[in-house]
Amino acid sequence: MINLVSIELYKIRKKPRSFIGFGAIAVIVLLIEVALYIDGQSYLQFVIQQVEQSFQIDGKIINGNLVTYVLLQTLIVQMPLLVALVTGDLISGEAASGSIRLLVTKPVSRANIVLSKFAAGSVYTLLLIVWLGILSLGLGLLIFGLGDLLVLNSDHIAILRSSETMWRFMMAFVIAFISLSVVSSLSLMLSCFTDNSIGPIIITMSIIILFTIIGTMEIPIFDVVRPFLFTTHMIVWRSLFENPVPLQELWISTGVMMSHILVFLSVAVFYFKNKDILS
Amino acid sequence: MTPIPIIEIKNLSKSFGSFAAVTDLNLEVFRGDVFGFLGPNGAGKSTTIRMLLSLIKPTSGTIHLFGRNLQDHRNESVRKIGCIIEKPDFYLYLSAAKNLELFSRLSGLLPAKSKIDEVLELVGLKGRAHDNVKTFSHGMKQRLGIAQTLIHDPELIILDEPTTGLDPQGIIDVRNLIRHLQHDLNKTVFLSSHILSEIELIATRMAILNNGKAVAQGNVSDLLSTQDLIVALEVEDAEKAMQWIAVTAWQSKLHAVSGQQFQMKLAKKEIPEFTDDLQRAGIHFYSIAYKRALEDYFLRLTQESSSSQQRNKTPEVIN
Amino acid sequence: MLKEVDFRFCLMRCAVVLLSILFHLPVHSQSPNQVINTVNQRFAKVNDYTAAVNVSCDINFIKIDPIDAKVFYKKPDKFKVKATGILIMPKQNVNFYFTTLADTANYTAVRTGEELVAGAKVQVINVIPHQDSSDLILGKFWIDPVRGLILKSQLTTKSQGTILIENSYGSMSNYALPDKMLFTVDVGKFKIPKAIAADINQSTAGKPAGDGKGRITLSFSNYVVNKGVNNDLFK
């Protein structure tokens, strides 16, 4: 299995599209960091003004922690696409190019092929998260310095002490990894169904957009399905920045996401095991 | 002692919906054979090969490889096989050497650099080992495909239409390579083709597949014997010739009549006697040519297949 | 608009002065200014100080843990709070009294009665600034005349509405420096655009905004008075 995973990782490493994600993250992060560095005060003007109607707010508000938080909040929208771009292609891409024929004739079980591709996709996802972490938190702290984190909500703000932020960010990256693993398992499953490389990526994004719309719209009929949509739980990383952290909510969301991964992977393995390779 | 077949297919069938791609196929391939698997396009050759390699599941029937049931011992069996299925598709963004390394590792063997060099040299690609496959021509990919079948030193090599798209020299090279594999390396080769002459030149045993069914199977020399020839003659006066044949002993050998042409089914040694009789009867002929019966049969199969393909009547799933 | 407001201030001022004169003034021997001066005399002893302060907030739209900071003061009006993190403080700094009450010529003080605050008998004195430009419209001070300490004050300002400040004193009462100050401030509704909001805590959305007040408690300790404070600290 390790041999299979390392082969899959090698293939991912050698595909030019694998670097799009890293490039996109770097561009977005640097763009936002530069913008906040130049004009961060204006970004928060509206918030600060409202607080300063009644109180005086002192301290370094634009800091590495805030920048990281803003980046996480922004990139959570783009990251699924960047992940699906690679994981959605893992099986269908090989079917489209024909290399799947050789792969499947080798003495490895099809279940192992799917699982190794998922594992390699997970490593890729993890590397994307680590890259995001290095650029946002690492570079953010380097440029903007450490400080208390001002978490902006539409009806209130929360200020977390800087000593409290590091473990929250680490956990947030772990939760973000689990969230993106749902995306990677979904796109991998879809990748088993088709022989073209773009389809699974588009369908994955369509599902995410659809579920997000259902999850966001305040229509009572959607209330029933909302708790079961993985997109509802993908944003649970934000609850790590509440005080105290709502652990139960966190566990439930993590459980729901893990269940999704399990279901998507099981369907993928079952389907791929029984699939006639006709490409 | 009866030798154990390396490939033993019993009552194998595969349907795609209502279309029967392979029907009740029985086949045996023995160690050391170069087995020609012949059939027109759409006959079910690739479907059979895909079932042999567990790419697709049979609807019914069994496959035994190396004496073991494929379904129960899949991994052990395919480990001993090297194959090309249709066109050889590689990871285009990797080099030839890296492709070979990866596929060998997938077969459970980390190949030495010398082994990679050896197989690349065998197929004439040593100088291109580190070039990305996307820069290769079709012929080079086909040769790399053969190298890939050999990298993990398998016992059985399955080649599906290996000369497709090759130039004449490439075809000769592949033919020589297959001979080398059998004679010098003692490999068993299962070779599919829709070209009879190709099979005739290198195969020891063969089967002909048509509409998913085996219509002939055996030693190539037996099947393509000169005992039974179809002799075609173009005569000056066909009516006169037919009247003469009708009253002679040759009547039982008449095969077909078409315009000024008629065909006789004769043994090779009967041809001089027949032409002498014709001349004695004052029947002049412009030309005489013969074909072997099986070749004639296969040619008709191929023609029927291509014309039916043109009419687009037969559903084509594979091949 | 401005004229209307000014007119209201004048009316309010006159009403307070009249009511105070009619009902209370004759009963007491000390004038309001004299009472205020007992406080000012204590303030006057402070040239500078430093102290540790713990700032604790109870504001419906701000969730923040208490934070430790350090305060620096130097006469006449230099003041600085230094903390390692983000600090939410009342807009009035803690030396608000020093500057507001120091010059009795700047305001009219009117005693409006006596009350018991934290077991102490206090005089309630209204302060009406003479300057219309002042943010303060009306200051109401609950002063313990015996100890010369302000136990409570209610400031009506133009910019912030009403602010209630409750003080308690300990070892530094001699300098009129409190151990604890509780600021109660009117707070408005807080709303920021969705585009920059994370909305992590959906559960708080739609909750009633409490009594519409925000509270900040400043707990002082480790006062160091009149030992000199470097001017650089206020930069």
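Structure first, text after, so check above.
The structure contained in this document is the topic of the report that follows. Each chain has its residues counted from 1, running along the sequence as written. Here chains are named by letter from A upward and ligands by number from 1 upward, in the order in which they appear as written. Only residues with pLDDT of at least 70 are given local features in this predicted model, and only at 80 or more are side-chain atom pairs given and counted; all residues enter the totals for whole chains, interfaces and linings. Each side-chain value is worked out from all heavy atoms of the structure, with water and hydrogens disregarded.

## Details of the overall build of chain C
Working step 1: Helix and strand counts for chain C stand at three helices and twelve strands.
Working step 2: Only protein chains enter the accessibility calculation, which uses a 1.4 Å probe; a residue whose area is less than 20% of its type maximum is buried, one above 50% is exposed, and one in between is partly exposed. Considering chain C as a whole, with its 235 residues, one finds that 46% of them fall into the buried category.
Working step 3: Residue contacts are defined here by distance: any two heavy atoms, one from each residue, within 4.5 Å place the two residues in contact. A fraction of 56% describes how many contacts in chain C between residues 6 or more apart in sequence connect residues 24 or more apart.
Working step 4: Surface exposure here means Shrake-Rupley accessible area, sampled with a 1.4 Å probe, where a residue is shielded only by the protein chains that are shown. Summed over its atoms, the accessible surface of chain C is roughly 11,600 Å², and 55% of this surface lies on carbon and sulfur atoms. Each helix is a run of H or I in the DSSP string that is no shorter than four residues. Each strand is a run of E no shorter than two, and both are numbered from the N terminus.

## Digging into a nonpolar patch on the surface
Residues and elements named next belong to chain A.
Working step 1: Patch construction takes residues with relative accessible area above 30% that form no salt bridge. Like charges are linked within 9 Å, and nonpolar side chains (Val, Leu, Ile, Met, Phe, Trp, Tyr) are linked within 5 Å. Only one rule defines a salt bridge in this text: a Lys or Arg side-chain nitrogen within 4 Å of an Asp or Glu carboxyl oxygen. A contiguous nonpolar patch, built from V34, Y37, I38, L142 and I143 and spanning about 580 Å² of accessible area, is present on the exposed surface.
Working step 2: Listed by contribution, the elements that provide at least two residues to the nonpolar patch are α2 (18–52) and α6 (110–144).
Working step 3: By residue number, the principal contributor to the nonpolar patch is α2, which donates three residues.
Working step 4: Locating I38 in the fold gives a position in helix α2.
Working step 5: For I38, a relative accessible area of 67% gives the class exposed.

## Overview of helix α8 (residues 199–216) of chain A
Think of an α-helix as 3.6 residues a turn; residues three or four steps apart then line up on the same face.
Residue and element names in this part refer to chain A.
Working step 1: For a helix, the expected span equals 1.5 Å multiplied by the residue count minus one. The end-to-end C-alpha distance of α8 is 25 Å, a good match for the 26 Å that 18 residues give at a rise of 1.5 Å each.
Working step 2: Buried within α8 we find G199, P200, I201, T204, M205, I208 and I214.
Working step 3: Contact partners of the buried residues in α8: α3 (64–87), α4 (92–97), α7 (165–193), α9 (220–225) and α10 (230–234).

## With respect to helix α1 (residues 2–14) of chain A
Working step 1: For α1 of chain A, built from 13 residues, the straight-helix expectation of 18 Å at 1.5 Å per residue is met to within 8% by its first-to-last C-alpha distance of 18 Å.
Working step 2: Buried residues of α1 of chain A: L4, V5, I7, E8, Y10, K11 and I12 of chain A, and no others.
Working step 3: In this structure, the buried side of α1 of chain A is in contact with α2, α3, α4, α5 (99–104) and α6 of chain A together with α3 (96–106) of chain B.

## Some thoughts on the interface of chain B and chain A
Working step 1: The interface is formed by 29 residues belonging to chain B together with 29 residues belonging to chain A.
Working step 2: What gets called buried area is simply the loss in accessible area from a 1.4 Å probe that two parts show on being joined, summed for both. Buried surface at the junction of chain B and chain A, both sides included, amounts to about 2,700 Å², of which 57% is carbon and sulfur.
Working step 3: By the criterion of area lost to chain A, the three top residues of chain B are L55, Y93 and L106 of chain B, representing 25% of everything that side buries.
Working step 4: For the interface between chain B and chain A, the tally reads two salt bridges.
Working step 5: Its salt-bridge partner being D89 of chain B, residue R101 of chain A comes within 2.7 Å of it at the nearest N-O pair.
Working step 6: Think of a polar contact as two N or O atoms within 3.5 Å of one another; within protein, one of them needs to be a possible hydrogen donor and the other a possible acceptor, and neighboring residues in sequence only count if both atoms come from side chains. Scanning the region where chain B abuts chain A turns up 16 residue pairs in polar contact (both at pLDDT 80 or more).

## A few points about the pattern of salt bridges
Working step 1: For the coordinates displayed, the defined rule picks out 28 salt bridges over all chains.
Working step 2: Of the charged contacts, one joins R147 of chain C and D144 of chain C as a salt bridge, the two residues approaching to 2.8 Å between their closest N and O atoms.
Working step 3: Three or more residues are tied together by salt bridges with common partners; here these are E8, K11, E94 and K117 of chain A.

## Topic: the arrangement of the chains
Working step 1: With two pairs of chains in contact overall, the contact-richest pair is chains A and C.
Working step 2: In this view chain B stays clear of chain C, with the nearest C-alpha atoms of the two still 42 Å from each other.

## Side note on the sheet that holds strand β1 (residues 48–58) of chain C
Residues and elements named next belong to chain C.
Working step 1: Criterion used throughout: strands pair if DSSP finds at least two bridges between them. Strand order in the open sheet formed by ten strands is β4-β3-β1-β12-β11-β10-β9-β8-β7-β6, with antiparallel pairing between adjacent strands. With one partner strand each, in any of the chains shown, β4 (78–83) and β6 (107–117) form the two edges of the open sheet. The sheet shows a mean angle of 20 degrees between the axes of neighbouring strands, direction not considered.
Working step 2: Pairing analysis gives eight bridges linking β1 to strand β3 (residues 67–74), with the strands arranged antiparallel. By the bridge assignment for β3, V53 is matched with A69.
Working step 3: Strand contacts of helix α2 (residues 32–44): β6, β7 (120–129), β8 (136–144) and β9 (149–157), with the helix running at about 85 degrees to β6, the strand carrying the most contacts. Under this scheme, a helix contributes an axis fitted over its contacting stretch, all axes are lines through C-alpha atoms, and angles between N-to-C directions fall in the 0 to 180 degree range.

## Brief notes about the packing of α7 of chain A against α8 of chain A
Residue and element names in this part refer to chain A.
Working step 1: Between α7 and α8, whose axes approach to 9 Å, the crossing angle comes to 135 degrees. Considering the angle they form, α7 stands oblique to α8. Along this stretch, α7 crosses α8, giving a crossing that reads as right-handed. Together, V183, L186, S187, L190 and S191 of α7 and P200, I203, T204, I207 and I208 of α8 make up the contact between the two elements. Angle categories are assigned with fixed cut-offs, so that under 35 degrees is roughly parallel, over 145 is roughly antiparallel, 65 to 115 is roughly perpendicular, and the rest are oblique. Helix crossings fall into two classes, left-handed where the near helix is turned counterclockwise from the far one by less than a right angle and right-handed where it is turned clockwise.

## Observations regarding the pairing of strand β1 (residues 55–58) of chain A
Working step 1: Of the two faces of β1 of chain A, only one is covered, namely that formed by F55 and I57 of chain A; the face formed by Q56 and D58 of chain A stays uncovered.
Working step 2: Where β1 of chain A lies against strand β5 (residues 87–90) of chain C, four bridges are found, and the strand directions are antiparallel. Bridge pairing in β5 of chain C places I57 of chain A opposite I88 of chain C.

## Looking at unusual backbone geometry
As a rule of thumb, non-glycine residues mostly have phi less than zero, and peptide bonds are mostly trans rather than cis.
All names here are of chain B.
Working step 1: Positive phi values are uncommon outside glycine, yet F66 reaches one of about 55 degrees.
Working step 2: Structurally, F66 can be placed in the loop between β4 (60–65) and β5 (68–69).
Working step 3: Phi is positive for E161, which is not a glycine, with a value near 50 degrees.
Working step 4: Tracing the chain through its elements places E161 in the loop between β7 (156–160) and α6 (168–183).

## Digging into the packing of aromatic side chains
All names here are of chain A.
Working step 1: A pair of aromatic rings is counted whenever rings of Phe, Tyr or Trp (Trp by its six-membered ring) have centres within 6.5 Å, and the orientation is called stacked for planes under 30 degrees apart, edge-to-face for over 60 and tilted otherwise. Tallied over the full model, the rule gives 20 aromatic pairs over all chains.
Working step 2: Measuring from centroid to centroid gives 4.7 Å for F193 and Y271, while their planes differ by 80 degrees, and the two rings are edge-to-face. A residue pair is termed long-range when its members are at least 10 positions apart, and F193 in helix α7 and Y271 in helix α11 (residues 247–273) qualify at 78 residues.
Working step 3: Given the relative accessible area of 37%, F193 is considered partly exposed.
Working step 4: On the basis of relative accessibility, which here comes to 34%, the residue Y271 falls in the partly exposed class.

## Here's the deal with the side chain of K106 of chain A
Working step 1: Summarising the element assignment, K106 of chain A is placed in the loop between α5 and α6.
Working step 2: Counting rule applied: Lys, Arg positive; Asp, Glu negative; His and chain ends not counted. Although K106 of chain A is buried, it makes no salt bridge; E94 of chain A carries the closest opposite charge, 12 Å away.
Working step 3: For K106 of chain A, the contacting residues outside a window of four places in its chain are R74, V78, F103, L106, S107, Q148 and H152 of chain B.

Everything listed is a geometric property; what it means functionally is a separate question.
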